[in-house]
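These are the residues of each chain, in order.
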Amino acid sequence: MATTKSFGELTLKQKIGQLFMCGFEGTEPSEEIERLIRAYGVGGILYFRRNLKEAQQVRRLSDRLQRASEHPLFIAIDQEGGMVVRLEEGVTVMPGGMAQGAAASEALTREAAKLSGAELREIGINMNFAPCLDVNNNPLNPVIGVRSYGEDPKRVASLGAAAIQGYREGGVVAVAKHFPGHGDTAVDSHHALPLVPHDADRLSEVELYPFRHAIECRADALMTAHVVFPAFEADPAIPATLSERILTGLLRKRLGFEGVIVTDCLEMNAISETIGVARGAVEAIKAGADLVLVSHRLTRQTAALEAVMEAVMTGEIPESRIDEAAGRIWRLKQARGLFGSELPAADRTRAEAVRKELSEAAVTVVKGGRHLPLAKTGRTLVVWTEPRARTEVIEVVPQEWTLGKALLAAGYDAEEIRIGTDPTEAEAAAVRSSARGASRIVFVSYDAAFWKGQSELIRELGSLGAEPFVWIAARTPYDLLEMPEAPVYLCTYENKPAMMTALARVLSGELAAKARQPVTIGAHPRASGQA
């Protein structure tokens, strides 16, 4: 990498390139991404699971990409923890947002981010699209849910600020998201354009609260939401990402944010199927965005770059706006050591200890604690639900270490049957057959509210067995709303191995559950107190 001596030496085309972050296919630099780097001088690269095998391969990939660029690249990833991670081999996957919200420890959240950040920076990743500062107060939210720290704006704010500081200490730029708040939507912006209808006072008290706190803590970067906010933007066709009233009027002028504004990916349907990616890039930069994400298709990436260049040439975008955005990106790269600095050392032993401590602190008993621990006599049937299809946010990886295996290791006679989120007739029949002779049934659900077949099977099994039916929500905690009368209900917010080990310890009585419920679940209110 031959670094330009100063920002002033960049050409207009190179400055525009700095405003773009692009993704690519493959585990080695593709011809397409090298073209974008060399011909357009793009300022950043975004990794997905398609690019990543294990840590050392990522280290080599990052090095090759940096060598291909004349200027330091931001290399970014969505490594939120829990259910939203892109890399699992060779790094420590920390519990996700809502699990950390249940653990309610600023100190652990900060340390987890610092340790994760150091591991990422060691393999060439210098930017993480985390934490989520969305306040999740809609049980039907299909895209945020357990990515949020919870429904209390103050808890979200305090834990979010701790994570931002931790990532910075670990050598990684944290990009807090999704401004002004994606937590109270019932539509996924990957598929359509959501709307948050609340008035300005409510938005200020709830949605904006964590972002104001992050700004006060001098957050480096914030990511925008492809969500319509009528209280701030009168045009119903303009989401926050494209709104000058929101990005410049609200975020810059009213809230005083001086860091980098990053768009969510413009290839999401909320943008690509409405205004379009190329036009969206122009409008986002006009609105005040600094760094534009186009994650997948080369044709859309080059079209967006060319559209912005054309908009500058015709005067639609003032060159001063390009200078402002590119200068802000350049200064952040300098401030966070991309031009060369000593990096913090990764401590995997401590990272593993923190992951274990957070997982154990997150297991939440919502109902039926008096029925615990579970007896080890007789056969325990574990029904393990897992997604079988990839989504835009969660790139599904089947878990090898499940609750059934964790209970076996804890001394239970445990039989486990795996089903999909929408169980087939054969899967449901196998569960019914095995349930007849079981001493107890432990059902591990996964977003049951979104899958009719899963919730119907839960209700059917809930009426069987001599011992109380034990229900574990291994993703959204709101599954209980499908059968509020369930006698025993616990939440883990994710199905990762460390969390299943911690859960087995709680079910066996080896570990006392002390988590503070981070959201209201029907008649069960959020636990009082702050993180």
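Computed from a predicted structure; not experimentally measured.

Quick look at the overall build of the protein chain now. Secondary structure assignment for the protein chain yields 18 helices and 14 strands. At 23 Å, the protein chain has a C-alpha radius of gyration in line with the 24 Å of a compact globule built from 531 residues. In terms of principal-axis extent, the alpha carbons of the protein chain reach across some 75 × 50 × 40 Å. With 531 residues in all, the protein chain has 61% of them scored as buried. Look at the contacts in the protein chain between residues 6 or more apart in sequence, and 76% of them connect residues 24 or more apart.

Before going further, it helps to spend a moment on the state of the cysteines. Per the stated rule, a full pass over the model turns up zero disulfides. Here Cys22 stays free of any disulfide, with the sulfur of Cys265 as its closest cysteine sulfur at 9.4 Å.

The strand order across the open sheet formed by six strands is S9-S14-S13-S12-S10-S11, and the pairing between neighbours is mixed. Across the chains shown, the open sheet's two edge strands, defined by having one partner strand only, are strand S9 (364-367) and strand S11 (413-420). For this sheet the average axis-to-axis angle between neighbouring strands, irrespective of direction, equals 20 degrees. Pairing of strand S10 (residues 379-386) with strand S12 (residues 440-445), which is carried by five bridges, proceeds in the parallel orientation.

Attention now moves to helix H18 (residues 497-507). Each α-helix turn comprises 3.6 residues. Residues three or four places apart therefore point the same way. When H18 is considered as a whole, its buried residues turn out to be Met499, Met500, Ala502, Leu503, Ala504, Val506 and Leu507. Following H18 by one or two positions, Gly509 has its phi on the positive side, about 90 degrees.

Attention shifts here to the packing of helix H16 (residues 425-435) against helix H17 (residues 452-461). Remark: H16 packs on H17, axes separated minimally by 12 Å, with the N-to-C direction vectors making an angle of 10 degrees. With respect to H17, the axis of H16 lies roughly parallel. The hand of the H16/H17 crossing is right-handed. Along its contact with H16, which presents Ala428, Val431, Arg432 and Ala435, the element H17 presents Leu457, Glu460 and Leu461. When the residues that make up the contact of H16 with H17 are grouped by side-chain class, the tally is five nonpolar, no polar and two charged.

Take the packing of aromatic side chains next. What characterises a pair of aromatic rings is the spacing of the ring centres plus the angle enclosed by the ring planes. Within the structure shown, the criterion is met by five aromatic pairs. Taking the centre distance of 5.3 Å and the plane angle of 90 degrees together, the rings of Phe179 and Phe211 count as edge-to-face. Residue Phe179 is located in strand S5 (residues 173-179), and its partner Phe211 is located in helix H8 (residues 209-216); the two are separated by 32 residues in the primary sequence. By the burial criterion, Phe179 is buried, and Phe211 matches it. Put simply, the rings of Phe7, Trp330 and Phe339 pair up and form one aromatic cluster. Sitting above the plane of the Tyr40 ring, Lys13 keeps its charged end 5.0 Å from the centroid.

Moving on, we get to the sheet that holds strand S8 (residues 292-294). Pairing is parallel in the open sheet, where eight strands are placed in the order S7-S6-S5-S4-S3-S2-S1-S8. One side of each edge strand has no neighbouring strand; the edge strands of this open sheet are strand S7 (260-262) and S8. Bridging between strand S1 (residues 20-22) and strand S2 (residues 44-46) involves two bridges; their strand directions are parallel. Directly across from Met21, in S2, lies its bridge partner Gly44.

A full pass over the atoms with the stated rule returns 43 salt bridges. Note that Asp152 is salt-bridged to Arg526, the shortest N-O span being 3.6 Å. Of this pair, Asp152 sits in the loop between strand S4 (127-128) and helix H6 (153-169) while Arg526 sits in the segment after H18, placing them 374 residues apart in sequence. By relative accessible area, which is 7% here, Asp152 ends up buried. Note on Arg526: relative accessible area 27%, which makes it partly exposed. Between Glu283 and Arg279 there is a salt bridge, with its nearest N and O atoms 2.7 Å apart.

By secondary structure assignment, the location of Glu111 is in helix H5 (residues 106-122). The exposure class assigned to Glu111 is partly exposed, which follows from its relative accessible area of 25%. Along the chain, Glu111 and Arg436 lie 325 residues apart, while their C-alpha atoms are 46 Å from each other. When residues no more than four places from it in sequence are discounted, the contact partners of Glu111 are Arg350 and Val354.

Bringing helix H12 (residues 298-313) into the picture now. Its 16 residues give H12 an end-to-end C-alpha distance of 22 Å, which sits within 8% of 22 Å, the value for a rise of 1.5 Å per residue. Taken residue by residue, H12 has Arg300, Gln301, Thr302, Ala304, Leu305, Val308, Met309, Ala311 and Val312 as its buried positions. Remark: Gly315 follows H12 within two positions and exhibits a positive phi of approximately 90 degrees.

Further remarks concern the pairing of strand S6 (residues 221-224). Residues Ala221 and Met223 point to one face of S6 and Leu222 and Thr224 to the other, with burial holding for every one of them. Bridge count between S5 and S6: three bridges; the pairing is parallel. Counterpart to Ala176 in the pairing with S6 is Leu222. Where S6 lies against S7, three bridges are found, and the strand directions are parallel. Opposite Leu222, over in S7, you have Ile261 as the bridge partner.

Rules and cut-offs
Residues numbered from 1 in each chain as written. Predicted model: local features only at pLDDT ≥ 70, side-chain atom pairs only at ≥ 80, totals over all residues. Heavy atoms only, no water. Helix = DSSP H or I, 4+ residues; strand = E, 2+ residues; numbered from the N terminus. Rg over C-alpha atoms; globule rule 2.2 N^0.38 Å. Buried < 20%, exposed > 50% of the residue type's maximum accessible area, 1.4 Å probe, protein only. Contact = heavy atoms within 4.5 Å. Disulfide = S-S within 2.5 Å. Pairing = 2+ DSSP bridges. Axes fitted to C-alpha atoms, helices over the stretch in contact; angles between N-to-C directions. Parallel < 35°, antiparallel > 145°, perpendicular 65-115°, else oblique. Left-handed = near helix turned anticlockwise from the far one by under 90°. Nonpolar A, V, L, I, M, F, W, Y, C, P; charged D, E, K, R; others polar. Phe/Tyr/Trp six-rings, centres within 6.5 Å; stacked < 30°, edge-to-face > 60°. Lys NZ or Arg CZ within 6 Å of the ring centre and 35° of its normal. Salt bridge = Lys/Arg side-chain N within 4 Å of Asp/Glu carboxyl O. Expected span 1.5 Å × (residues − 1).

Function-wise, these values are silent; they only describe arrangement.
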